[in-house]
Amino acid sequence: MDLPYYPVNDFEPLMKGMVIGGMGIVHVFLAQFAIGGGLLMCYFQWLAHTRRVPHARKFLEGYFQFLVLVSFVVGALTGVGVWFTSIQVSPRTIGLMVDEFHWVWATEWTFFCLEVVAGYAFYRYAPVLTDRSRMTLLLLYSAAAWFSLFWINGILSWQLTPGRWTATQQVWSGFFNPSFWPSLIFRTIVAMTIAALVACAVINAMPDLDRHARTMLINRAANFLAPMALMPALGAWYLLVIPRDSRVWVLGGSAAMTMFLMLAVGTSLLIGLYAAVGLIRQKLYINGATATLLVALAFGATAGGEFVREGVRKPYTVRDILYSNAMTQPDVERLRRVGSVTHDPYPLRDAASYPNDQIRLGAKVYRFQCSVCHTLAGANGIIHLAGSWTVEQKRMNIAKLQRTKAFMPPFAGTAAELEALVQMLSWVKRGRPATWPLADDPDTLAQIDRWLAEAGTAPGIARRAYRAAGVR
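Just so we're clear, the structure is a prediction, and the values are computed from it rather than from any experiment. (Residues numbered from 1 in each chain as written. Predicted model: local features only at pLDDT ≥ 70, side-chain atom pairs only at ≥ 80, totals over all residues. Heavy atoms only, no water.)

Looking now at the pattern of salt bridges. Applying the stated criterion across every chain, the model contains 13 salt bridges. E61 is paired through a salt bridge with R134; the nearest N and O atoms lie 3.2 Å apart. With E61 in helix α2 (residues 56-89) and R134 in helix α4 (residues 131-160), the pair connects residues that are 73 residues apart, well separated along the chain. Take E61: its relative accessible area is 29%, and that puts it in the partly exposed class. For R395, the salt bridge identified is with E419, shortest N-O distance 2.7 Å. Here the residue R395 occupies a position in helix α16 (residues 391-399), and E419 occupies one in helix α18 (residues 415-429), the gap between them amounting to 24 residues. If you follow the salt bridges from partner to partner, you end up with R187, E306, R309, E310 and R313 in one network. (Salt bridge = Lys/Arg side-chain N within 4 Å of Asp/Glu carboxyl O. Helix = DSSP H or I, 4+ residues; strand = E, 2+ residues; numbered from the N terminus. Buried < 20%, exposed > 50% of the residue type's maximum accessible area, 1.4 Å probe, protein only.)

Right, let's get into helix α3 (residues 91-125). In a regular helix each residue adds 1.5 Å, so 35 residues correspond to 51 Å; α3 covers only 42 Å between its end C-alpha atoms and thus falls short of that length. Roughly 85° is the biggest bend found in α3, and it falls at F101. (Expected span 1.5 Å × (residues − 1). Bend = angle between axes of the 7 residues up to and from the residue.)

What follows covers the packing of aromatic side chains. A full pass over the atoms with the stated rule returns 33 aromatic pairs. Ring plane angle 75° and centroid distance 5.2 Å describe the contact between F29 and F299, whose orientation is recorded as edge-to-face. Here F299 lies in helix α12 (residues 288-311) and F29 lies in helix α1 (residues 16-49), a separation of 270 residues in the sequence. The buried category is assigned to F29, whose relative accessible area is 9%. Classification of F299 by relative accessible area gives partly exposed; the value is 33%. Between F175 and F176 the ring centres are 4.9 Å apart and the planes differ by 85°, which places this aromatic pair in the edge-to-face class. The exposure class of F175 is buried, given its relative accessible area of 0%. Looking at F176, the relative accessible area reads 38%, which means it is partly exposed. (Phe/Tyr/Trp six-rings, centres within 6.5 Å; stacked < 30°, edge-to-face > 60°.)

Here the focus is the nonpolar core. Looking at soluble globular proteins, one finds that nonpolar side chains tend to be buried together. If you look at the biggest cluster of nonpolar residues, it comprises 57 residues, and the most contacted ones within it are L40, F44, F59 and L225. Looking at which element gives the most residues to this core, the answer is helix α7 (residues 180-204), with 12 residues. Of all hydrophobic cores here, the second largest spans 35 residues; its members include I359, L376, I448 and L452. (Core = buried A, V, L, I, M, F, W, Y, C linked by side-chain atoms within 4.5 Å.)

Our next topic: helix α11 (residues 255-281). Its 27 residues give α11 an end-to-end C-alpha distance of 37 Å, which sits within 8% of 39 Å, the value for a rise of 1.5 Å per residue. The axis of α11 is deflected most strongly, by about 35°, at A275. Packed against the buried residues of α11 are α7, α8 (211-222), α10 (244-253) and α12. Just beyond α11, the residue with positive phi is K283, at close to 50°. (Contact = heavy atoms within 4.5 Å.)

Following this line, the structure appears as structure tokens:
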């Protein structure tokens, strides 16, 4: 099949992944809050109609209004924003996900619709409903919200651990992949944790309650923090089932990923210790400032965890299928012969500003192969990353890209395209002068061809070494 080309949007100085990641972290935090909030409301509805806690109903109705506002409005908007942005950044990856899981995705949306209807019905009619009807609506809302997570979790975890799907191409082989269950259970506990912490903050904002009443409600909400005790085991389970090279990234192989993993682990540990010792064992009162701080720590843990989840997939967007620039290994092999932008129909936005055709070719190669993860001079900018390299180093390091850095995909283009990319980067680093000499030495191109052949089209040497050692 011919490689599809899509229009490319540029967010420089922001890296495209930062745009998706920033919006995605907010969305994931709010979505998990909505799931845990539904479960917490069921619990407080039970406390209310069994009259175990006098102010449970007052909390429930006030808390729910806050939940509806956040999850239905901001959560829905950021959810749409994440997919809208993802389609612009990596349309081929999203296309593959839709091709493989369209019915799963449709099912997830069915549950989302049920979640919206049940939630709105409770919001609109709860004051005039019986306790039994209120509980029915809340159970419907909670079940729909959790199953929405269930379905989308299968698709997202498939990207990192497609498992037997790579051999069978069957939907359920990919959906129930090796990281499905640890990811689902871990996210459920995170959802409960976020809901409990937000509840503590909301309780402190309720003006008509004295300290004793607030303490009673907080102690009940804190019960939702108890499952955090399972997080270390679930985290270890997740690490064991992800690919070996991905595990290496987070356990020291990549400083950035290790740092973000430690951020997630450290903030979760602080929350867990406070919950276990202060809220559950000693049943202490927690004021609004402390509760808000714990919510902020939970947001930090979510951000760190999502960064790691996205980062450990490198050099793929779909493990063993699509490289991070949305090309397959057969694509790379073919583009090494015919050129990566030979059939790219989209012109450069400011073609006249480049000094010659070689620099224009380099700009198109950068746009097609590099810009999905890099900027030129902004965040994760290539000019900065390769700033200390000589021209000869640029040629060799890019030709052997997956060996230079194992989380990079192999270069997918001809020697002439690689030389054009090198010249374009050098031109930008020199301040974009009005004229720039052509670099078309046959011996240089022949050397680049040899380097490309030596590097091959397979992923980085670390993974190849693991395979050679007989590990996954």
